[in-house]
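Close look at the chain arrangement
The residues making up each chain are set out below.
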Amino acid sequence: MVIFDIPERRRGVRERLRILMTQFGFLRLQDSVWISPYDCEDLIALVKAELKIGKDILYVIADSIENDAWIQEHFEIS
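**Description of the overall build of the protein chain**
From N to C terminus, the protein chain includes 3 helices and 4 strands. Listing each helix as α and each strand as β along the protein chain from the N terminus yields β-α-β-β-α-β-α. For 78 residues, the compact-globule formula gives about 12 Å, and the C-alpha radius of gyration of the protein chain, at 13 Å, lands near that figure. Of all intrachain contacts in the protein chain linking residues separated by at least 6 positions in sequence, the fraction that spans at least 24 positions is 60%. Carbon and sulfur atoms make up 49% of the accessible area of the protein chain, which totals about 5,500 Å². Placing the 10 positive and 14 negative side-chain charges of the protein chain at their respective mean positions leaves the two points 14 Å apart.

**Section: the pattern of salt bridges**
The final tally for this structure, using the stated rule, is 4 salt bridges. Between R14 and E8 there is a salt bridge whose closest N-O contact spans 3.0 Å. A relative accessible area of 11% places R14 in the buried class. A salt bridge links D31 to R28, with the nearest nitrogen and oxygen atoms 2.3 Å apart. Overall, the relative accessible area of 48% leaves D31 in the partly exposed class. When salt bridges with common partners are traced through the structure, they connect E8, R11 and R14 into a single cluster.

**Observations concerning the environment of L17**
Inspection of the secondary structure assignment puts L17 in helix 1 (residues 11-23). Once the C-alpha coordinates of L17 and S32 are considered, the two residues, 15 residues apart in sequence, prove to be 9.8 Å apart. Beyond its immediate chain neighbours, meaning those up to four positions away, L17 contacts F4, I6, V47, L51, I53 and I57.

**As for the environment of Q30**
The residue Q30 is located in strand 2 (residues 27-30) in this model. Separated by 27 residues in sequence, Q30 and I3 place their C-alpha atoms 9.2 Å apart.

**So, the nonpolar core**
The biggest cluster of nonpolar side chains holds 15 residues, and the ones touching the most others in it are L17, M21, F26, I44, L51, I53 and I57. Within the residue set of this core, elements represented by two or more residues are strand 1 (2-4), helix 1 and helix 2 (41-51). The element contributing the most residues to this core is helix 1, with 4 residues. Judged by nonpolar contacts, the second largest core, of 6 residues, contains M1, L27, I71 and F75.

Calculation criteria
Residues numbered from 1 in each chain as written. Predicted model: local features only at pLDDT ≥ 70, side-chain atom pairs only at ≥ 80, totals over all residues. Heavy atoms only, no water. Helix = DSSP H or I, 4+ residues; strand = E, 2+ residues; numbered from the N terminus. Rg over C-alpha atoms; globule rule 2.2 N^0.38 Å. Contact = heavy atoms within 4.5 Å. Areas by Shrake-Rupley, 256 points an atom, 1.4 Å probe, with all protein chains shown as cover. Lys, Arg positive; Asp, Glu negative; His and termini not counted. Charge placed at Lys NZ, Arg CZ, Asp CG, Glu CD. Salt bridge = Lys/Arg side-chain N within 4 Å of Asp/Glu carboxyl O. Buried < 20%, exposed > 50% of the residue type's maximum accessible area, 1.4 Å probe, protein only. Core = buried A, V, L, I, M, F, W, Y, C linked by side-chain atoms within 4.5 Å.

The following block contains the structure:
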């Protein structure tokens, strides 16, 4: 899970991050919350460095998400 809060003054960076998350195959859970069932810690570290948003983005490892049937269907996992 990736959670970010990028200030409005850096709107272009926020939009670039959303494009990258889509390209990397993440699923948008909420506006600034994206998920993937795969280990992507290294990828997120690279994105943080490239976009200079280290303190504005959090990488979270979660064991489960409530009511996740649609997520499992999206990623074709069970």
